[in-house]
Amino acid sequence: MSDLAASGVTLYSTVRSSIGHGQTSHLRTLLELAGWVDDAGYRGALVYSDNTSMDAWLAAQAAIANTASFVPLVAVQPLDKTPFAVARAVSSLAHLYGRRVDINFVSGGFIRDLAVQGDTLSHDARYDRLTEYAGIVRTLLGGGMANFTGEYYTVRRARLTTAVPEDLLPTAYVSGSSAASLQAGESLGLGQLSFPVPPEDFASPDLRKNKFGSGISIGIIARDDSAEAWRIARKRFPADPEGAERMKLLLSAGVSSWQPQLASVPIPDEAEGQPYWLVPFRYHHTFCPYLVGSHDEVAQAVTAYLNGGIRTFVLDIPREPDDLWHARIAIERAVAVMDR
């Protein structure tokens with residue numbers, strides 16, 4: 001197995017939502033996936049944070065306590081914890097377990113979740129708030145004293161009493177694809193995590209992300225044989241008219257910029273020789289595009305993203321360990337031929 005990290009490429013998977021799971025079964029599912037991720041040599045997995053899921057930090061702790069190297073990529077939303085509480089959680093896990101967590105700073109969430117918590121900020125204003133929030137978190141994690149007065153936060157002489165060791169500091173990202181999210185990432189000096197347009201369109205200079213490194217959330221179903229990959233894909237994500245209606249309702253809410261962007265991609269869902277596949281998104285099975293095909297077909301698409309500056313891949317929830325291994329094979333082949 002090649003060392004992707006030496007090429008500057010980072011792989012995460014995604015933890016299944018806790019919706020519909022009891023506490024015991026979700027813990028078992030979480031630890032099973034974390035074991036798959038460790039075995040396949042990925043860095044870790046994204047842990048969602050929303051009103052219907054279990055607490056992301058408790059899930060992260062459970063995963064860390066039961067794995068050898070798994071790194072949770074915790075989605076951090078300003079409404080959930082204060083900046084000091086987030087920094088203290090990172091520090092606590094570092095000192096309790098000698099392990100790191102990574103952070104995906106997100107500005108909002110599902111519109112119903114924002115309404116429950118009384119958040120009425122506009123899309124761009126939420127990124128202004130996130131910029132203040134993440135700036136305070138990063139000052140605290142860096143061992144500095146935070147003195148800040150902004151529109152959304154005020155802190156005075158805030159400092160962690162137990163600083164995070166330098167080798168356990170989180171890798172952090174800003175989630176989003178809008179101009180506001182790009183500005184937030186540039187201001188904070190953080191890479192971007194977004195949902196990708198088709199690979200042939202990604203080479204456009206105006207679609208390349210910020211200079212601090214970029215990542216994409218995407219599903220991959222790759223196998224030795226293209227027909228087998230497509231058989232698996234169509235079985236897992238069938239056309240579902242009710243799902244299509246749910247997606248229409250979600251799009252009408254207008255809470256995010258990336259959802260309409262994906263919905264407007266003008267390509268057939270199953271074009272001949274086209275690995276970029278939107279059926280899982282359009283029928284509300286999941287929230288990201290997929291790449292489907294043989295290892296070489298998927299690798300060709302991944303190469304376009306790599307050449308466009310992408311260095312982090314957050315893969316959709318795997319159904320079985322083979323999903324992670326086959327995706328890695330395709331990505332490794334892409335890394336071998338990417339522009340240096």
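Residues numbered from 1 in each chain as written. Predicted model: local features only at pLDDT ≥ 70, side-chain atom pairs only at ≥ 80, totals over all residues. Heavy atoms only, no water.

Caption draft 1: Geometry of the overall build of the protein chain. Per the secondary structure count, the protein chain includes 13 helices and twelve strands. Counting across all 340 residues of the protein chain, residues that qualify as buried make up 51%. A separation of at least 24 residues holds for 72% of the contacts in the protein chain among residues at least 6 apart in sequence. Accessible surface, the protein chain: about 15000 Å² in total, of which carbon and sulfur atoms supply 51%. (Helix = DSSP H or I, 4+ residues; strand = E, 2+ residues; numbered from the N terminus. Buried < 20%, exposed > 50% of the residue type's maximum accessible area, 1.4 Å probe, protein only. Contact = heavy atoms within 4.5 Å. Areas by Shrake-Rupley, 256 points an atom, 1.4 Å probe, with all protein chains shown as cover.)

Caption draft 2: Layout of helix 13 (residues 321-337). End to end, helix 13 covers 26 Å across 17 residues, agreeing with the expected 24 Å (1.5 Å per residue, within 8%). Taken as a whole, helix 13 has its buried residues at Asp323, Leu324, His326, Ala327, Arg328, Ala330, Ile331, Glu332, Ala334 and Val335. (Expected span 1.5 Å × (residues − 1).)

Caption draft 3: Quick peek at the pairing of strand 5 (residues 146-149). Taken together, the three bridges between strand 5 and strand 6 (residues 154-158) define a ladder with antiparallel strand orientation. Among the inter-strand pairings, phenylalanine 148 is bridged to a residue of strand 6, identified as valine 155. Here strand 5 hands over to strand 6 after four residues, the two strands then running antiparallel side by side. (Pairing = 2+ DSSP bridges.)

Caption draft 4: Highlighting the pattern of salt bridges. What the rule picks out here adds up to eight salt bridges. Residue aspartate 323 is joined to arginine 223 by a salt bridge in which the shortest nitrogen-to-oxygen separation is 2.8 Å. On the criterion of sequence distance, the pair formed by aspartate 323 in helix 13 and arginine 223 in strand 9 (residues 214-223) is long-range, its members being 100 residues apart. You can call aspartate 323 buried: its relative accessible area is 5%. Because the salt bridges share partners, they merge into one network encompassing Arg223, Arg236, Glu320 and Asp323. (Salt bridge = Lys/Arg side-chain N within 4 Å of Asp/Glu carboxyl O.)

Caption draft 5: Spatial organisation of the confidence of the model for the protein chain. Averaged over all residues, the pLDDT of the protein chain is 87; the fraction at 70 or higher stands at 82%. Here helix 10 (residues 258-263) stands out as the least confident element of the protein chain, with mean pLDDT 60; strand 4 (residues 102-105) is the most confident, with 98. (pLDDT = per-residue confidence, 0-100.)

Caption draft 6: Geometry of the side chain of threonine 14. Its location among the elements puts threonine 14 in strand 1 (residues 10-14). Judged by relative accessible area, which is 2%, threonine 14 ranks as buried. From its side chain, threonine 14 meets the backbone oxygen of leucine 315 in a polar contact 2.7 Å long. Contacts of threonine 14, omitting those with residues within four sequence positions, involve Leu33, Ala45, Leu46, Tyr48, Val314, Leu315, Asp316, Ile317 and Pro318. (Polar contact = N/O pair within 3.5 Å; in protein donor to acceptor, adjacent residues only side chain to side chain.)

Caption draft 7: Region of interest: unusual backbone geometry. The phi dihedral of arginine 157 is positive, around 55°, even though this residue is not glycine. Mapped onto the elements, arginine 157 comes out in strand 6.

Caption draft 8: Molecular detail of the pairing of strand 1. The buried fraction of strand 1 is high, at four of five residues. Pairing of strand 1 with strand 2 (residues 44-47) involves three bridges; the strand directions are parallel. The residue of strand 2 that forms the bridge with tyrosine 12 is glycine 44.

Caption draft 9: Just the nonpolar core, in detail. Core analysis: the biggest nonpolar cluster contains 79 residues, and Trp57, Phe105, Ile220, Leu291, Val302, Phe313 and Ile331 have the highest contact counts within it. The element contributing the most residues to this core is helix 5 (residues 123-141), with eight residues. Dropping the residues within four chain positions of it, valine 302 is found in contact with Ile220, Leu291, Phe313, Ile331 and Ala334. Judged by nonpolar contacts, the second largest core, of twelve residues, contains Ile221, Trp230, Ala233 and Val292. (Core = buried A, V, L, I, M, F, W, Y, C linked by side-chain atoms within 4.5 Å.)

Caption draft 10: Seen up close, the environment of alanine 59. By the secondary structure assignment, alanine 59 is in helix 2 (residues 56-65). C-alpha separation for the pair alanine 59 and leucine 30, spaced 29 residues apart in sequence, amounts to 7.8 Å. Apart from residues no more than four positions distant in its own chain, alanine 59 is found in contact with Leu30 and Val47.

Caption draft 11: Seen up close, the environment of glycine 142. Mapping glycine 142 onto the fold places it in the loop between helix 5 and strand 5. Overall, glycine 142 belongs to the exposed group, its relative accessible area being 62%.

Caption draft 12: Highlighting the packing of aromatic side chains. Taken as a whole and assessed by the stated rule, the structure comprises six aromatic pairs. Taking 6.4 Å as the distance between ring centres and 85° as the angle between the ring planes, the aromatic pair formed by tyrosine 12 and tyrosine 173 counts as edge-to-face. With a gap of 161 residues between them, tyrosine 12 in strand 1 and tyrosine 173 in strand 7 (residues 172-175) connect regions that are remote in the sequence. The exposure class of tyrosine 173 is buried, given its relative accessible area of 6%. Ring pairs connect the aromatic residues Trp230, Phe237, Trp277 and Tyr290, which therefore count as one cluster. (Phe/Tyr/Trp six-rings, centres within 6.5 Å; stacked < 30°, edge-to-face > 60°.)

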